[in-house]
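# Report on the structure
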Amino acid sequence: MTASEPDTFSAQDAPEFAPAQFVRWFREVAPYVHAFRGKTFVVAFGGELVSDGALNALIQDLSLLTALGVKLVLVHGSRPQVNEQLKLKGYDMQFGRGIEPTSPEALECAKEAAGEIRLDIEAAFSQGLPNTPMSHAQVRVISGNFVTARPVGVIDGVDYQHTGAVRKMDLDAIKSILNQSSIVLLSPLGFSPTGEAFNLAMEDLATHMAVALRAEKLIFLTRDHTIHDADGSVDTELAREDADALLASASLDEDTASFLEHASKAVKRGVARAHLVSYTQDGSVLLEIFTHDGVGTMVVEDTLDDLRPATIDDVGAIVQLIDPLEADGTLVPRGRAVVEREFERFTVLEHDGVIYGCVQLNPYPEEKMAEMACLIVHPEWQGSGEGELLLRHTESRARAMGLKRLFVLTTRTSHWFIKRGFVQGGISDLPKERQTIYNRSRNSLVFIKKL
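### Quick word on the overall build of the protein chain
- For the protein chain, the helix and strand inventory stands at 15 helices and 21 strands.
- Relative to its 451 residues, the protein chain shows a buried fraction of 45%.
- For the protein chain, long-range pairs separated by at least 24 residues make up 69% of all intrachain contacts whose partners lie at least 6 apart in sequence.
- Looking at the protein chain as shown, the accessible area adds up to about 22600 Å², and 51% of this sits on carbon and sulfur atoms.

### Overview of a nonpolar patch on the surface
- On the surface, a cluster of nonpolar side chains totalling about 420 Å² of accessible area is made up of Phe22, Val23, Trp25 and Phe26.
- By the secondary structure assignment, Trp25 is in helix α1 (residues 19-36).
- We classify Trp25 as partly exposed; its relative accessible area is 39%.

### Points about the sheet that holds strand β18 (residues 369-377)
- Read from one edge to the other, the open sheet built from seven strands follows the order β15-β16-β17-β18-β19-β21-β20, with strand pairing classed as mixed. Two strands in the sheet have a free side with no partner beyond their single neighbour: β15 (307-309) and β20 (423-425). The sheet shows a mean angle of 30 degrees between the axes of neighbouring strands, direction not considered.
- Note that strand β17 (residues 354-364) and β18 share seven bridges and pair antiparallel. Looking across to β18, one finds that Asn362 is bridged to Glu371.

### Observations regarding the sheet that holds strand β14 (residues 297-300)
- Ordered in space as β3-β8-β2-β1-β11-β13-β14-β12, the eight strands form an open sheet in which the pairing is mixed. At either end of the open sheet lies a strand with only one pairing partner, and these are β3 (141-142) and β12 (237-239).
- Here strand β13 (residues 273-278) runs beside β14; their pairing, made up of three bridges, is antiparallel. By the bridge assignment, Leu276 is partnered in β14 with Thr297.

### Describing helix α9 (residues 254-268)
- If you check α9, its first and last C-alpha atoms are 21 Å apart, about what 15 residues at 1.5 Å a residue would give, namely 21 Å.
- What α9 keeps buried is the set Thr256, Ser258, Phe259, Leu260, His262, Ala263, Ser264, Ala266 and Val267.
- Its buried side turned inward, α9 meets α7 (202-212), β11 (217-222), β12, α8 (240-248), β13 and β14.
- Its side-chain oxygen 3.1 Å from the backbone nitrogen of Asp255, Asp253 forms the N-cap of α9.
- Looking one or two places after α9, you find Gly270, whose phi comes out positive at around 115 degrees.

### Overview of the nonpolar core
- Grouped together as the largest cluster of nonpolar side chains are 38 residues, with contacts concentrated most on Val42, Val73, Val75, Leu186 and Leu218.
- The element that contributes the greatest number of residues to this core is α7, accounting for six residues.
- Dropping the residues within four chain positions of it, Leu186 is found in contact with Val73, Leu74, Val75, His76, Phe146, Val147, Leu205 and Met209.
- In terms of nonpolar packing, the next biggest core, distinct from the first, is built from 34 residues, Val50, Val70, Leu185 and Val277 among them.

### As for the packing of α7 against α9
- The interhelical angle for the contact between α7 and α9, taken along N-to-C directions, is 15 degrees, at an axis separation of 9 Å. Relative to α9, the element α7 lies roughly parallel. Between α7 and α9 the crossing geometry is right-handed. Here α7 contributes Met202, Glu203, Asp204, Thr207 and Val211 to the contact with α9, which in turn contributes Ser258, Phe259, His262, Lys265 and Ala266.
- Considered class by class, the residues forming the contact of α7 with α9 number four nonpolar, three polar and three charged.

What counts and what doesn't
Residues numbered from 1 in each chain as written. Predicted model: local features only at pLDDT ≥ 70, side-chain atom pairs only at ≥ 80, totals over all residues. Heavy atoms only, no water. Helix = DSSP H or I, 4+ residues; strand = E, 2+ residues; numbered from the N terminus. Buried < 20%, exposed > 50% of the residue type's maximum accessible area, 1.4 Å probe, protein only. Contact = heavy atoms within 4.5 Å. Areas by Shrake-Rupley, 256 points an atom, 1.4 Å probe, with all protein chains shown as cover. Patch = residues over 30% accessible without salt bridge, like charges linked within 9 Å, V, L, I, M, F, W, Y side chains within 5 Å. Salt bridge = Lys/Arg side-chain N within 4 Å of Asp/Glu carboxyl O. Pairing = 2+ DSSP bridges. Axes fitted to C-alpha atoms, helices over the stretch in contact; angles between N-to-C directions. Expected span 1.5 Å × (residues − 1). Polar contact = N/O pair within 3.5 Å; in protein donor to acceptor, adjacent residues only side chain to side chain. Core = buried A, V, L, I, M, F, W, Y, C linked by side-chain atoms within 4.5 Å. Parallel < 35°, antiparallel > 145°, perpendicular 65-115°, else oblique. Left-handed = near helix turned anticlockwise from the far one by under 90°. Nonpolar A, V, L, I, M, F, W, Y, C, P; charged D, E, K, R; others polar.

Encoded structure:
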């Protein structure tokens, strides 16, 4: 590869033979493969994905996930297909995003639509032509009466008839299927002990399933209902508390608000990560799972009870955290007076009145950059992700300020930052103001991350 030739390409534009990119990418995804093997993902999508012709590409990507040891539960919707059936049969009603009554006629349309989509999904997983992504896949898809439902009933005088809500799920059967490396497929229908069928909301069913299985991920595939920053870029990580605040602001469209509400609910009830991902981008599921920043919006449960802005009263505790690292040369000495002067730039981790971690954010607005300094977790508290928490929080703060890059100077912990998406730079990459006070005698390495 020549010096002028780019070494990174999109899947569509890459030349047939690009070994450097292939090898680098394969190495970069290895940690994710190890981390997610044996974990359960619930992947949910509406009927829009099917009608837009995106099903086949998705099935190929999901087949790859199963080959890598991920346990998959698929939950599909069918709203556009049901509405099309209603229209063809001459009925006036159409289903929207909210809960609406399901008449016997509409229920029959829902059954037809769900059956058709289920067969399409099973057929797609049964592909096996040579020289295609599904060659030798042999993926088993199992669906059944796993969901017990109850009627929504009468609300404010309105009888919702065959509209239902999840009552319980046959988790033993579902887990048994997943442990056999098969995929569980759920249609948006549930059944009562009396043999009645009920129309369920795909989003609600997927959320219940992810919570019940304590899934590692709940992934909603949508047309384009991710969360965007002020500049129009995708907000790739959102703390649940921030997601709830965004929902309370009533600034989102109805579809996006619905998906975000269910993602927040899932995370609040124990799902590790919930994602909103656009299916319009080819390979978006793989990009979301196997790249550091992903391409969608991920909702996480930051332990915000332990994380807060520093006050002047925290200066003594911060100095105690910093002192040992200054003594062994890991940090440049700064003294208590400097910490007192800059305490408002610190965030601290506190539990039961004990400050056990801190981080400092120094913005350089003109260059759209910020320095992350003094990222410290007390040795007795290390190993449980507190450093990751401080890093994510700092990245979120920097993004909220409209900054585009985060940099660190380090002499001892370069590998930790490299593993988290930082790339080595040079002194000339620093903001001009920061270059003038760079301590050349320490010879600190510069690492930069795009936000």
